[in-house]
Amino acid sequence: GAGINAGGLIGLSFNNCDIKDATVTIRNGRIASERTTENETPASYGAHAGGIAGRLEHTSSMTNCHVYGDNLIIEAISNEIMNYVGGLVGDMFNTFHRDIIPVQNCSVTGVNGTKLRLTLSQIANAHNDNYLGGIGGRIFYKVVGAKVDGVEIVASGINSTNDSYIGELIAFFNAQSLAGN
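In this text, all values refer to a predicted model and were calculated from it rather than measured experimentally.

**Here we look at the packing of aromatic side chains**
Then, in step 1: Across all of its chains, the model carries 3 aromatic pairs by this definition.
Then, in step 2: Plain terms: the ring middles of Tyr-84 and Tyr-131 are 4.8 Å apart, the flat faces sit at 5° to each other, and that makes the pair stacked. Note that Tyr-84 is positioned in strand S9 (residues 82-86) and Tyr-131 in strand S14 (residues 129-133), a separation of 47 residues in sequence. Just as Tyr-84 is buried, Tyr-131 falls in that class too.
Then, in step 3: For the ring pair Tyr-131 and Tyr-165, a centre distance of 5.1 Å and an interplane angle of 15° mean the geometry is stacked. Here Tyr-131, found in strand S14, pairs with Tyr-165, found in strand S18 (residues 163-167); they are 34 residues apart in sequence, far enough to count as distant.
Then, in step 4: Taken together through their ring pairs, the aromatic side chains of Tyr-84, Tyr-131 and Tyr-165 make up a single cluster.

**A few points about the environment of Thr-63**
Then, in step 1: Summarising the element assignment, Thr-63 is placed in strand S7 (residues 61-63).
Then, in step 2: For the pair Thr-63 and Ile-19, spaced 44 residues apart in sequence, the C-alpha to C-alpha distance is 6.3 Å.
Then, in step 3: If near-sequence neighbours (up to four positions away) are discounted, Thr-63 is found in contact with Ile-19, Lys-20, Asp-21, Gln-104 and Cys-106.

**Quick look at the pairing of strand S12 (residues 107-111)**
Then, in step 1: Pairing analysis gives 5 bridges linking strand S8 (residues 66-78) to S12, with the strands arranged parallel. Residue pairing for S12: Gly-69 is matched across the bridge by Gly-110.
Then, in step 2: With 3 bridges joining them, S12 and strand S16 (residues 147-149) adopt parallel strand pairing. Each bridged residue has a counterpart across the sheet, and for Ser-107 the counterpart in S16 is Lys-147.

About the cut-offs
- Residue indices follow the written sequence of each chain, beginning from 1 at its first position.
- For a predicted model such as this one, the threshold for reporting local features is a pLDDT of at least 70, and the threshold for listing and counting side-chain atom pairs is 80 or more; totals across whole chains, interfaces and linings nevertheless cover every residue.
- The side-chain quantities take in all heavy atoms of the structure and omit both hydrogens and water.
- Working definition: a ring pair exists when centres of Phe, Tyr or Trp rings (six-membered ring for Trp) sit within 6.5 Å. Plane angles under 30 degrees give stacked, over 60 give edge-to-face, the rest tilted.
- Only DSSP runs of H or I with at least four residues qualify as helices, and only runs of E with at least two residues qualify as strands; both kinds are numbered from the N terminus onward.
- Burial classification: accessible surface area is computed with a 1.4 Å probe over protein chains only, and a residue below 20% of its type maximum counts as buried, one above 50% as exposed, and the rest as partly exposed.
- The criterion used for residue contact is that any of the two residues' heavy atoms lie within 4.5 Å.
- Strand pairing is assigned whenever DSSP identifies at least 2 bridges connecting the two strands.

Shown next, in the form of structure tokens:
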């Protein structure tokens, strides 16, 4: 099945999505990727939630993008096989385009209880891989000049059958470089 993708501007883009000079400001709001019905077959691509984009792939990039949250919650509530939550982007998968800087000069700033939250609603004997990070849940290749401030990162429902990656900046980074962050 298909995954659930939620973002402040874009849920899902598979190719050639260059986001420049974008700002998302949300006061007293929520961006959520939610799928908890236990009778559904988990999706092969999982749940993705991000302040600007839920999931970006291939030749996508983000430059000078900012998320400002005032009591904002970005979350995945899921029984999916793989779950990604990030303040900027849930999952940015572009391993084959090494000449691109996927994330450059971007930030996530929160006040008044802003949270990145991943809540797993487990199905029986489910094995989930979970990625929860201030800028991104999972980002491939390069990140330059990324900052996170005032954001609480919360994970619940994770147990010993889960592989979980939680990071203040990036949860899972398969990369060449992380500079100026």
